[in-house]
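Listed below are the residues making up each chain.
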Amino acid sequence: MIRFDQVSKRYEGGHEALSQLSFEVAEGEMAFVTGHSGAGKSTLLKLLALIERPTHGHIVLDGQPLAKVHAPGIPRLRRRIGMVFQDHRLLMDRSVFANVELPLVIGGIAPQERVRRVRAALEKVGLLDYERQLPVSLSTGEQQRVGIARAIVTRPAVLIADEPTGNLDPQLAVEIMELFAGFQQVGTTVLVASHDLPLIKRMRKRVVVLDHGRLVADVAAEEVL
Amino acid sequence: MPIDAPSGSRPEGGESSRHTRSRPLASWREHHGWSAAASLRRLAGRPFGTLLTIAVMGLALALPLTFYLLLGNVQHLGDALGRNPAISVFLQPGQPGSVAQLLVKQLDARDDVAGVTVKSPQQGLDELSKMQGFSDALKSLDDNPLPYVLQVQPKDGLDAGAVSRLATDLRAMHGVDMVQDSGTWRQRLDALLHVGNRIVLILAGLLALAALLVVGNTVRVDIASRADEIGVLMLIGASRAFVRRPYLYAGIWYGLFSGVLAVLLALLVEAVLAGPVAALSQAYGGSLHIGGLPAGLLLAAPLAAAALGWLGARLVSAWQLRRAA
């Protein structure tokens, strides 16, 4: 579950990226956050990942008030979130397997269990045969799927994605989004920031629309045309 | 390629931490092993830069070891030339042999005296007469003007101060005219060795600092070149300790290898000196004992260098990662 309660974020210099933002994404729900460039989508995800702190308001993530998470607790909280980035953020000098394995190494999972889980995650994104390859030898879409496998390998309760289909062709973008929808179906809370309106409409999920940091529309899945 | 929908039960958040809690020691050990191996692979991945760093550090650490070796051997040389040479005690002219014997008895009872030999005036005269140019001069003497002389040998291991105190006591003894303490040169040598030891200590400190800076700078560059990777690790939940660990191991490897190199270089210097030293020993009838670096030091040097590398890496990585966070 994700809850934003009257959240504002003002950067140094006075720019207000988010203003009085309140919304809630229920456990096991999938929602899109959309808006034009500078609407506050990325800031919203940064607040969830504790890369930034809100100036005002409260955020609760998977039952945990983020205001109570201090610096030493940030890594532990991030291990409970799966994060997918537009630019994948893979380690190019390590194999696909090693990239996906990283969160499990960080989490202190036993080696045999790591192998099992990495293979399961790679199988889910259709890249089991690529585990020994370096990411650089993969296509952009495949790299994004490696990033998704890395995000889901710890079986997070919450999955957040920042423009995960930004660099992909439409067909691949649909495949990636269907993958996210699949995770939602098994109970993961999924929040995807995207400005790809045709894709969002096609997915028929809840849409939170931001404009200049303010929530201007919150459209339920069944109302998406 | 089709993308499979996930199957099975709902993914569970926080499973990683549950596993960590149930096997904290095993996890800690595994990550140390992982970090040690990963850092070694990184070092091996850029052999030229790694060897250059190790060479610079190794040379810096070899210098104090070599100086220590040389200084130790100067000390050995001093010992071979006479650590506590005998003190000559000249009795007042006309003092009879009984006085000399009495003094010998008193001196033999002292803890700081190894032995005393008595040289009678006649023995002294005989020695002088054997010297070129003295025999004719001695013939013209009516009486033997030489006094009894005692050769007092201080105990081995006495420092210069104790020998000096012994000489003072000898001067105060009944019937003694003059005391000739030839240990002054030894005192000077000891003072010089003391200065040398202090210089080696200062040098070792400065060069250790240089080695610390070399490791620190190497790790700093390494961290800067891996800023993206560090950012990713932190975003997916790595703690600072986790991120820092491979860099600490890199510091340990740099230190350990450069310590081994320093020891090898010092042993090389020892081997190069062995020939000339053997010749010098021969000149002293083989009595000159030249020592190498003690085994304890040879073992301690790489370990101390590894600790130095760890410290350099720790200081820099803490600062760098604080900035990156």
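Residues numbered from 1 in each chain as written. Chains lettered and ligands numbered in written order. Predicted model: local features only at pLDDT ≥ 70, side-chain atom pairs only at ≥ 80, totals over all residues. Heavy atoms only, no water.

**Thoughts on the overall build of chain A**
Point 1. Scanning chain A for helices and strands turns up seven helices and ten strands.
Point 2. Expressed as lengths along the three principal axes of its C-alpha atoms, the size of chain A is roughly 45 × 40 × 35 Å.
Point 3. Counting all 225 residues of chain A, 59% fall into the buried class.
Point 4. Restricting the contact set of chain A to residue pairs at least 6 apart, pairs at least 24 apart contribute 68%.
Point 5. Here chain A contributes 28 positively and 26 negatively charged side chains, and the mean placements of these two sets differ by 6 Å. (Helix = DSSP H or I, 4+ residues; strand = E, 2+ residues; numbered from the N terminus. Buried < 20%, exposed > 50% of the residue type's maximum accessible area, 1.4 Å probe, protein only. Contact = heavy atoms within 4.5 Å. Lys, Arg positive; Asp, Glu negative; His and termini not counted. Charge placed at Lys NZ, Arg CZ, Asp CG, Glu CD.)

**Some remarks on the sheet that holds strand β10 (residues 214–219) of chain A**
All names here are of chain A.
Point 1. Across the sheet, six strands lie side by side as β6-β7-β8-β3-β9-β10; this open sheet has mixed pairing. Only two strands of the sheet have a single partner each, and these edge strands are β6 (81–84) and β10. Strand-to-strand twist of the sheet, defined as the mean angle between neighbouring strand axes without regard to direction, takes the value 15°.
Point 2. The sheet contact formed by strand β7 (residues 158–162) and strand β8 (residues 189–193) spans five bridges and is parallel. Across the sheet, residue V158 finds its bridge partner in β8, namely T189. (Pairing = 2+ DSSP bridges. Axes fitted to C-alpha atoms, helices over the stretch in contact; angles between N-to-C directions.)

**Looking at the packing of helix α2 (residues 24–45) of chain B against helix α10 (residues 240–283) of chain B**
Packed helix pairs are characterised by how far apart their axes lie and by the angle those axes make with each other.
Residue and element names in this part refer to chain B.
Point 1. Remark: α2 packs on α10, axes separated minimally by 8 Å, with the N-to-C direction vectors making an angle of 60°. The angle between α2 and α10 places the two elements in the oblique class. With respect to the hand of their crossing, α2 and α10 are arranged in right-handed fashion. For the pair α2 and α10, contact is made by H31, H32, W34, S35, A36, S39, L40, R42 and L43 and by F242, R245, P246, Y247, Y249, A250, W253, Y254 and F257, respectively.
Point 2. Residue classes in the contact of α2 with α10 are distributed as twelve nonpolar, four polar and two charged. (Parallel < 35°, antiparallel > 145°, perpendicular 65-115°, else oblique. Left-handed = near helix turned anticlockwise from the far one by under 90°. Nonpolar A, V, L, I, M, F, W, Y, C, P; charged D, E, K, R; others polar.)

**Description of the confidence of the model for chain B**
Residues and elements named next belong to chain B.
Point 1. Averaged over every residue, the pLDDT of chain B is 82; the share at 70 or more is 85%.
Point 2. Predicted confidence is poor over residues 1–21, with pLDDT under 50, and the contacts of this stretch with residues over four places away or in other chains come to 52 contacts.
Point 3. ipTM for the predicted complex: 0.87, alongside a pTM of 0.70. (pLDDT = per-residue confidence, 0-100.)

**Comments concerning the pairing of strand β4 (residues 56–61) of chain A**
Residues and elements named next belong to chain A.
Point 1. Inspection of the sheet shows strand β1 (residues 2–10) paired to β4 by five bridges, in the antiparallel sense. Bridging from a neighbouring strand, D5 pairs with H58 of β4.
Point 2. In this structure, β4 lies alongside strand β5 (residues 64–65), joined through two bridges in antiparallel fashion. Each residue of the ladder has a partner; that of V60, found in β5, is P65.
Point 3. Between β4 and the antiparallel strand that follows it, β5, lie two residues; D62 among them carries a positive phi value of about 50°.

**With respect to the domain arrangement of chain B**
Point 1. Taken domain by domain, chain B consists of domain 1 (32–80 + 189–324) and domain 2 (87–181).
Point 2. A straight line from the C-alpha centre of domain 1 of chain B to that of domain 2 of chain B covers 54 Å. (Domains from an automatic or database assignment.)

**Regarding the pattern of salt bridges**
Point 1. What the rule picks out here adds up to 21 salt bridges over all chains.
Point 2. When the shortest N-O distance is used, the salt bridge between E29 of chain A and R206 of chain A registers 3.3 Å. Within this pair, whereas E29 of chain A is found in the loop between β2 (16–25) and β3 (30–34), its partner R206 of chain A is found in strand β9 (residues 206–211), the two being separated by 177 residues in sequence.
Point 3. For the salt bridge of R46 of chain B with D222 of chain B, the shortest nitrogen-to-oxygen distance reads 3.5 Å. Here R46 of chain B, found in the loop between α2 and α3 (47–80), pairs with D222 of chain B, found in helix α8 (residues 184–225); they are 176 residues apart in sequence, far enough to count as distant. (Salt bridge = Lys/Arg side-chain N within 4 Å of Asp/Glu carboxyl O.)

**What to know about the packing of helix α3 (residues 96–107) of chain A against helix α4 (residues 111–124) of chain A**
All names here are of chain A.
Point 1. Packing of α3 against α4 brings their axes to within 9 Å, and their N-to-C directions diverge by 120°. Here α3 lies oblique to α4, going by the angle between them. Handedness of the crossing formed by α3 with α4: right-handed. Contacts from V96, F97, V100, E101, L104 and V105 in α3 reach R114, V115, R117, V118, R119, A121 and L122 in α4.
Point 2. Here the contact of α3 with α4 is composed, by residue class, of nine nonpolar, no polar and four charged.

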